[in-house]
Structure formats: structure tokens, C-alpha cells
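Coordinates in review
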There are 2 protein chains.
Amino acid sequence: MTESGKITIRDVARRAGVSLGTASRAMNAAPGVMARTRATVEAAARELGYQPNAAARALRSRSSRLIGCLFTDLENPLYARLYNSLQDRMAEEGFVTLINASSGRADRESRAVQTFAERGLDAIVVAPGNETDADLLALLRDFPAPIVVVDRDIEIGADRVLFDHDAGIRAAVSYLAGLGHRRILPVFSPIDTRPGRMRSTAFDAAMAEAGLDVPLRVAPDTPNSPVFAEVCAALAGPDRATAMIVQGTHVLSSALNALARLGLRVPEDMSLIAIGDSATTTDHVPALTALRLDRDGMVALIADRLLARIRGLDGPRQDDVIAYELVKRGSCMPPA
Amino acid sequence: MTESGKITIRDVARRAGVSLGTASRAMNAAPGVMARTRATVEAAARELGYQPNAAARALRSRSSRLIGCLFTDLENPLYARLYNSLQDRMAEEGFVTLINASSGRADRESRAVQTFAERGLDAIVVAPGNETDADLLALLRDFPAPIVVVDRDIEIGADRVLFDHDAGIRAAVSYLAGLGHRRILPVFSPIDTRPGRMRSTAFDAAMAEAGLDVPLRVAPDTPNSPVFAEVCAALAGPDRATAMIVQGTHVLSSALNALARLGLRVPEDMSLIAIGDSATTTDHVPALTALRLDRDGMVALIADRLLARIRGLDGPRQDDVIAYELVKRGSCMPPA
DNA sequence: ATGAAAGCGCTAACAG
DNA sequence: CTGTTAGCGCTTTCAT
């Protein structure tokens, strides 16, 4: 019935009794259109069920009104939520947001960037799993549209939004140290990418400043590797850690598993701080003290930067830093 | 340097010393092009770093080579993986796959479908959170391209890929009953959508057939609601259940939480079968017996159906059923 | 097998 | 403020 896809701007113009150009201007809220004319055109469009043809528009205007995201992992709540929020915000501005998950494989990431280029995306936001792949870096450097890099140490002359792992980890360590903990077990992701690298460095520095040793550490191979066995082993000795700082979702749940297996209760036998806040931390009983990113702030920052660059802002590339907040809940107490 | 985006098919044709039309035919592997000509054109394209303009192509050919997915939740491992696999498969066929997450809100779902229509997507696959919203259904019915519905009871004349919850739940119940369990606690999602509805029905039927009562059930408000308190309450009595069948990821982890709090070990004190297989089930210690969907089969089915319809297959709409497999691991044993 | 030409639907530049 | 016109880059007739 609606026969969508058949009605062109010509039909709208005819029905509104104006020229094609005027119809276009009216619908795009261009300056210099009489309010009355605009109303007439809009009414005609509505009555006809007019839907603009995105391809024609992109071809002519050289803007696809498409934004792309390249992340490693869709299941990661951080990225899933970032994508959701970004999508909402960009939709308000008339953009459609794509996402591509690479599982961290460099070849996939390169292909995705290439596809993005062919499709003429207006901008992309990337957090690739790989910070050093030459191919990917070249593709990114040559990318014909603005890029925002999220929490990766890659230098391609693009704007970046970076997380303040340093302050976050320091806050966690000093909270725990203040509670009286002296043996704190870090369970962090591998160091081949910015978050892992920075967390490890910050942790070591903070511990050193607090005069504490770091005899043991658990480093999952990937951000999603289970660490059950490693955590069990690390907690086996007589001088076991009395507190842990644990990253992520998968890693966190397998660490929790290990505690359960060892018969260690949180927080009585083990204090715990999670890096990143999600359903896993809030739904846990007791709710977990966590390092939470200011997600809304981050999305606003990314979106604003994206929009500004799309609109032609030509200033120097800029780095912005997003803070972590230590949300204190029930998973920490002084050691026994 | 590469100056991408500037080289058009004209440049390629000129360099190859052929006409524009021939260049197009050569690159699209159209019939009736001399092998030599094709080679020349392809070489020219490569040397120039030619990238076809997707918008122009879409405008002229009336095909965007874009596929859309409309799911409720990106964090849900099932959808995240379905999307990943589908994307891989469709990329091989030259399509880019978009995804949109609605969080189950009908208005968002309607807007997403509308956007998909404007963008001229070649096909969409949908698993909306809402099966009855009139607006959404109308939009879907009028959608100008093929649709594949995933596990939803919506009748819009589209092909569907449905999960066999009935056989799956029955297999789980009869396995547990065979082990000697008589009190089995179901922890299922709400019944306002196909999976929840079918699971509940199948569970009741299977229990009745096994001659077992269902005194208690836990039904989270949404597929992601925590059920800690409800599970604790349900397991409080003297005749507590000795086995549970639990859905999802979030629900599952909060149920596991509840067991830990109650001091109930799996499987010694409580047998447990998870609906859906993910890192949560495989990484748990002990690994959880789970109802696993044949994901590869599902993706192949969806992709084939999509492709066939895009290519004009005009047969009657079809329903396909995907089986669940009961993967036996360490979380079940006879009741004490 | 290839070349020439038309035109997809739209926006932007230029007149009036 | 509005009408007219010229393409955007490509695929697809229609000739040859």
C-alpha cells in the first residue's frame, strides 16, 4: 500500500506546488525558506510518506551521514554501552552508527577500516585490539575522514579520548592500603595494549609509594581469558593476598569463581575492587566496590569531537582524559 | 598521498584504455568481457588504488549491499555472536552488516526499522523485544526488503528461524528427572515473548508428563533482571528444589550468586542446567551442563535465506527450526 | 566484446 | 525567497 521507496522529492515538490530545489531546501531546514512554504512542503511529504533516498543524498552531498565504530568485542559491556549511547546521540544529529567487532584480529580490523573507507563514512571511532600493526596504522593514517581513538596509544594524528587508568588504579590501591591491606593481588589484562600497560605501571608505582611489595600477579592472556586456576594458585600460599583488584567481566567472574572454590568470602576473607562497573559488579552480593568510568561524559566528549571534526573544525588534534571514580560498595573491609 | 576517494571509475577506464562501461563490467565480473581486458582493468584499478563509491553504486543499482540487524541487547552473548558470525558470512558476499540494539523499547525499534528503510537496506534480520506493538508490526509489514525473524512469534509474512525451546526444555527436564530429581526450580525469563512463553509451557508439560509438581518458579521481570533475592526465597523452605534450570547470562550469574550465599554447592547440593551456552557456563567451575544452540547452523540458515530472498527467491515464507543440544558437563548429579 | 549515452534522486550553484 | 540547471559516480541499456 504505502509503496515506499517510490516517492521522490519530485513528487513532494509537485504536490506542494513548489520547485524541486525549494522542496529540498525546505526539508533540510536550509536558511531562506518562508515558514509557510516549509510547512506546505512538510505536509506534502508527510501525506505522501516521502522517505529521502540516502544513497542519492550521499552521492550528491559527499556525506553518508554514517559513523563507524571499530571495537574488539561486542560482549564487553563497556563497548556495548558506549556504542548504544553514541548511537543515540548521533541519531539525534541525523547520523546512523555502524559497529564492527574484530575479536582483536588485526586482519579483520584492517578490512573493517577499508570497508568504512569505501562506504564513505563521515567519521569513525576506533579502539582496535592491536596498537602496532603496520597495515592497520597505515590504513588509519590515510583514512579520508575524521577519527577518534578511544583509549589506545596509537599516533595517527587523530583526536583521542583516553581513560585515566593511572589515577584510577592509584585510588584503588590507596583505598585498600588505607584499610590496612599489605598484600594486594593484581588481576589485570595483558600489557600489549594501553589499558593493561597503564594499569600495571600505575599499580606498581602506587604499591611502591605505599611501601608495599608485589610478590605475585595474575595476567590473563587476553581480556577474556579465564583465570580460575591462576587465581587459585596465587591464593594458595600461607601469606596469601588479602585484597584483589580485578579487571573486566569474564576475568572477574572467573576470579569470583576461584574465591568461591577456595571458600574465601568477600569481603570477610578477601577485599575486592573491580575495574569497570557493570551488572556483574552491581548485582553481586555483596555489591562490588568498583572503578567506574564516567560513561556519559565520555560519550558526550566523543560525540562532540566527532561532530566538530565532521563540520570542519581544523584545530590541532587533541587528547581528552576520562576519569575513573572509585565507587565504594560492600566488597572491601580491613584485613582480618 | 593516496588521495583516496578522488579516483573514479573514469580514471581507471582511461588508464586501462577502455570505456567507462567496460571498466564497470570488468570489475563487476559481468559476462562478456575478454579475460585480457578484465586483467588490464583490474591492474589499472589496483595501481590507482581505486575504491568504488558505494553511494553511487547504490543509487544506480538500487541495492545498498547493506544488511541490518535489530536486536534487543548487544551484551547478550547470543546476539553478539550471531551478529559477528553473520557479519563474517555476509562480508564474504560483499555485504556490510549493521546492528541496532533497542533495549526492548518499542519506540526505538520502530525508529530503527524506519532508518533501515530510508537507508535502503537490502534485507534485515529482527528479534525485537516486542511482539505486539502495532506500530512496529506495521512498519515491518511494509518494509520494502526481505526480513528474517529470529525466534519471535510475529506474523508479517516473513521467513522465520525459530529455536526449539520445547525439545530443549524437555531434554533438560527428562535428564534431571532421570537422575532422580523430583523438585526442579525453573528460573526463566518473562513470558511476553516467544522464548519465555515456550519455555514455560514446555517445562510445565514435561514436568506433568514426568509426574512431577511445580510448586515454585522464579520469573525475572526482564531477561536481565537479577534474581538473587527470589532464588534465595525459593530455596529457603525445607523441601527445597534439588535442581534448577536457569536462563541467560545475567540471570544465571545472579542465581549462582544466590547459591553461593546459601552455601549450596553445585552439583553436590544443587544440580543446575543453563539455558544457552557461553563463557559463563564453560568457565564456571565445575563447567555447567547447558542447552546449546547450533549457532553455526543458525547463521548459515539465516544467511542463506537472506541471500536467496535478496536474489529474488519468491517462494512462500518459511519457518526453520534450530535445535538445542543438551551438553552434559559437571553441574548435575543425583540428588542427595 | 566494447563504446556511447542515459539517468538513478538528490543538493548546490546560479539566476532571477 | 524561489525556480532552473548541472552534475555527484556509477550501472545499464542500446548500438555497434
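Note that the structure is predicted; figures quoted are calculated from it, not measured. Along each chain, residue indices are assigned from 1 in the same order as the chain's sequence is written. Following the order in which they are written, the chains are lettered starting with A and the ligands numbered starting with 1. Reporting in this predicted model follows two pLDDT cut-offs: at least 70 for local features of residues, and 80 or more for side-chain atom pairs to be given and counted; totals over whole chains, interfaces and linings ignore these cut-offs and use all residues. Only hydrogens and water are removed before side-chain values are computed, so all heavy atoms of the structure are retained for them.

Our next topic: the UniProt feature "domain: HTH lacI-type" (unreviewed entry) in chain A. UniProt records the feature "domain: HTH lacI-type" (unreviewed entry) for residues 7-61 of chain A in the present numbering. The span residues 7-61 of chain A is 69% helical and 0% strand by assignment, and the distance between its end C-alpha atoms comes to 20 Å. UniProt positions are given in the numbering used here, feature names are shortened, and annotations may be inferred rather than shown by experiment. By the criteria applied, helices consist of DSSP H or I runs no shorter than four residues and strands consist of E runs no shorter than two, each listed in order from the N terminus.

Before going further, it helps to examine the side chain of S85(A). Residues and elements named next belong to chain A. For S85, the location among the structural elements is in helix 5 (residues 77-92). Since its relative accessible area comes to 18%, S85 is described here as buried. The contact criterion used is simple: two residues touch if any of their non-hydrogen atoms lie within 4.5 Å. If we ignore the near neighbours within four places in the chain, the residues touching S85 are R295 and V299. Each residue is placed in one exposure class: buried if its accessible area under a 1.4 Å probe, protein chains only, is under 20% of its type's maximum, exposed if it is over 50%, and partly exposed if it falls in between.

On to unusual backbone geometry, then. In this structure, P286(A) follows V285(A) across a cis peptide bond, with omega equal to 0 degrees. Along the chain, P286(A) turns up in the loop between helix 12 (279-283) and strand 9 (289-293). Here the phi dihedral of R65(A) falls at roughly 55 degrees; this positive angle occurs in a residue that is not glycine. The residue R65(A) is located in the loop between helix 4 (54-61) and strand 1 (66-71) in this model. A positive phi angle, near 50 degrees, is found at D151(B), a position not held by glycine. With respect to the secondary-structure elements, D151(B) resides in the loop between strand 4 (147-150) and strand 5 (159-163).

The subject of this paragraph is the protein's contact with DNA strand C. Close to DNA strand C lie 24 residues, the nearest being I9(A), Y50(A), S19(B), T37(B) and R62(B). For this analysis, a polar contact is any N or O atom pair within 3.5 Å, provided that within protein one partner can donate a hydrogen and the other can accept it, and provided that sequence-adjacent residues contribute only side-chain to side-chain pairs. Contacts to DNA strand C include I9(A), whose backbone N or O atom sits 2.4 Å from a phosphate oxygen. Y50(A) is positioned such that a nitrogen or oxygen atom in its side chain is 2.5 Å from a phosphate oxygen of DNA strand C. The set of elements that each furnish at least two residues to the surface near DNA strand C consists of helix 2 (20-27) and helix 4 of chain A together with helix 2 (20-27) and helix 4 (54-61) of chain B. No other element matches helix 2 of chain A, which puts four residues into the surface near DNA strand C. Whether a residue is near a molecule or strand is decided by its heavy atoms; if any one of them lies within 4 Å of it, the residue is near.

Residue and element names in this part refer to chain B. Every case where a carboxyl oxygen of Asp or Glu lies within 4 Å of a side-chain nitrogen of Lys or Arg is listed as a salt bridge. The full count for this structure, using the stated rule, is 50 salt bridges over all chains. Residue D153 pairs with R194 through a salt bridge whose shortest N-O separation is 3.1 Å. One end of the pair, D153, is in the loop between strand 4 and strand 5; the other, R194, is in helix 9 (residues 194-209), with 41 residues separating them in the sequence. We note a salt bridge from D277 to R329, for which the minimum N-O separation is 2.5 Å. Of this pair, D277 sits in the loop between strand 8 (271-275) and helix 12 (279-283) while R329 sits in the segment after strand 11 (324-327), and the two are 52 residues apart along the sequence.

Moving on to the packing of helix 1 (residues 9-16) of chain B against helix 2 of chain B. All names here are of chain B. Where helix 1 contacts helix 2, the two axes come as close as 8 Å, and the packing angle between them is 100 degrees. Judged on the interaxial angle alone, helix 2 and helix 1 are roughly perpendicular. From helix 1, I9, R10, V12 and A13 reach across to helix 2, where they touch L20, A23, S24 and M27. By the convention adopted, Pro, Cys, Tyr, Trp, Phe, Met, Ile, Leu, Val and Ala count as nonpolar, Lys, Arg, Asp and Glu as charged, and the other residues, Gly among them, as polar. Residue classes in the contact of helix 1 with helix 2 are distributed as six nonpolar, one polar and one charged. Axes here mean lines fitted to C-alpha atoms, for a helix over just the part in contact, with angles spanning 0 to 180 degrees between N-to-C directions. We call two directions roughly parallel when the angle between them is under 35 degrees, roughly antiparallel when it is over 145, roughly perpendicular when it lies between 65 and 115, and oblique otherwise.

Each of the two copies of the chain can be brought onto the other by a rotation about an axis and a shift along it. For the pair chain A and chain B, the best superposition has an RMSD of 0.2 Å and corresponds to a rotation of 180 degrees with a translation of 0.1 Å parallel to the axis. What we have between these two chains is a two-fold relation. Interface residue correspondence from chain A to chain B reaches 100%, placing this contact among same-surface, isologous pairings. Each copy is superposed on the other by least squares, with the fit set by C-alpha atoms of residues at a pLDDT of at least 70 in both.

All right, on to the protein's contact with DNA strand D then. Residues in close proximity to DNA strand D total 25 residues, the closest being T37(A), R60(A), R62(A), I9(B) and Y50(B). Sugar and phosphate atoms form 62% of the subset of DNA strand D atoms that lie within 4 Å of the protein. Within the side chain of R62(A), an N or O atom sits 2.4 Å from a sugar or linking oxygen of DNA strand D. One of the side-chain nitrogen or oxygen atoms of S24(B) is found 2.9 Å away from a phosphate oxygen of DNA strand D. Among the elements of the structure, helix 2 and helix 4 of chain A together with helix 2 and helix 4 of chain B are those that each provide at least two residues to the surface near DNA strand D.

A few words now on the domain arrangement of chain A. All names here are of chain A. Under the domain assignment used here, chain A contains domain 1 (9-60), domain 2 (66-163 + 295-322) and domain 3 (165-293). Note that the domain bounds reflect an automated or database-derived domain assignment. Between the C-alpha centres of domain 2 and domain 3 there is a distance of 29 Å. Each partner contributes to the interface: domain 2 provides 15 residues, whereas domain 3 provides 13 residues. Once two parts are brought into contact, the accessible area they lose, counted with a 1.4 Å probe and summed over both, makes up the buried area. Between domain 2 and domain 3, a total of about 1100 Å² is buried, with carbon and sulfur atoms accounting for 45% of that surface. Sorting the residues of domain 2 by area buried against domain 3 places E131, D151 and F163 first, and these three jointly supply 36% of that buried surface. At the boundary of domain 2 and domain 3, one finds four salt bridges.

Soluble globular proteins tend to pack their nonpolar side chains together in the buried interior. Formed by 96 residues in total, the largest nonpolar core has its most connected members in V125(A), I245(A), I302(A), V125(B), I245(B) and I302(B). Sequence-distant contacts of V125(B), defined by excluding residues within four places in its chain, comprise I67(B), G68(B), C69(B), L70(B), F71(B), L86(B), V148(B), V150(B), I302(B) and L306(B). Grouping buried Ala, Val, Leu, Ile, Met, Phe, Trp, Tyr and Cys residues that are joined through side-chain atoms within 4.5 Å yields what is termed a nonpolar core. In terms of nonpolar packing, the next biggest core, distinct from the first, is built from 42 residues, L70(A), L98(A), I124(A) and L140(A) among them.

Bringing the packing of helix 5 (residues 77-92) of chain B against helix 13 (residues 295-310) of chain B into the picture now. All names here are of chain B. Relative orientation of the contacting elements helix 5 and helix 13 amounts to 50 degrees, with a least axis distance of 10 Å. With respect to each other, helix 5 and helix 13 are oriented oblique. The interaxial crossing formed by helix 5 with helix 13 has right-handed handedness. Taking contact as the criterion, the partners of L78, R81, L82, S85, L86, R89 and M90 in helix 5 are, on helix 13, R295, M298, V299, A300, I302, A303, D304, L306 and L307. Its residues assigned to classes, the contact of helix 5 with helix 13 comprises eleven nonpolar, one polar and four charged. Crossing handedness follows the turn of the near helix against the far one: under a right angle anticlockwise gives a left-handed crossing, and clockwise gives a right-handed one.

Given 3.6 residues per turn, any residue in an α-helix points the same way as the ones three and four places further on. Its 13 residues place the ends of helix 11 (residues 250-262) of chain B 19 Å apart at the C-alpha level, agreeing with the 18 Å of an ideal helix rising 1.5 Å per residue. Within helix 11 of chain B, the full set of buried residues consists of H250(B), V251(B), L252(B), S254(B), A255(B), L256(B), N257(B), A258(B) and L259(B). Packed against the buried residues of helix 11 of chain B are helix 12 of chain A together with strand 6 (184-187), helix 10 (228-234), strand 7 (243-247), strand 8 and helix 12 of chain B. Where helix 11 of chain B terminates, the next one or two residues include G263(B), which has phi positive at roughly 75 degrees. Expected helix span is taken as 1.5 Å per residue step, with the number of steps being one fewer than the number of residues.

Turning to its location among the elements, S271(B) is positioned in strand 8. Discounting chain neighbours no more than four positions away, the residues touching S271(B) are L176(B), H181(B), T242(B), A243(B), M244(B), S331(B), C332(B) and M333(B).

Attention now goes to the pairing of strand 8 of chain B. All names here are of chain B. Across the five residues of strand 8, five count as buried, placing the element largely inside the fold. By the alternation rule, side chains of strand 8 split into S271, I273 and I275 and L272 and A274, which are all buried. Note that strand 7 and strand 8 share five bridges and pair parallel. Looking at the pairing, I245 lines up with I273 of strand 8. Handedness of the strand 7-helix 11-strand 8 crossover: right-handed. Here, strands pair whenever DSSP counts at least two bridges between them. Summarising the sheet, strand 8 and strand 9 (residues 289-293) pair through three bridges and their orientation is parallel. Counted as the bridge partner of I275 is L291 from strand 9. Look down the strands so they point away from you; if going from the first strand over the helix to the second traces a clockwise path, that crossover is right-handed.

Right, let's get into the environment of S189(B). Residue and element names in this part refer to chain B. As for its placement among the helices and strands, S189 is situated in the loop between strand 6 and helix 9. S189 sits in the buried class, given a relative accessible area of 6%. S189 sits 36 residues away from S225 along the chain, and the two C-alpha atoms are 8.9 Å apart. Residue contacts for S189: discarding those within four places in its chain leaves G196, R199, P220, P223 and Q247.

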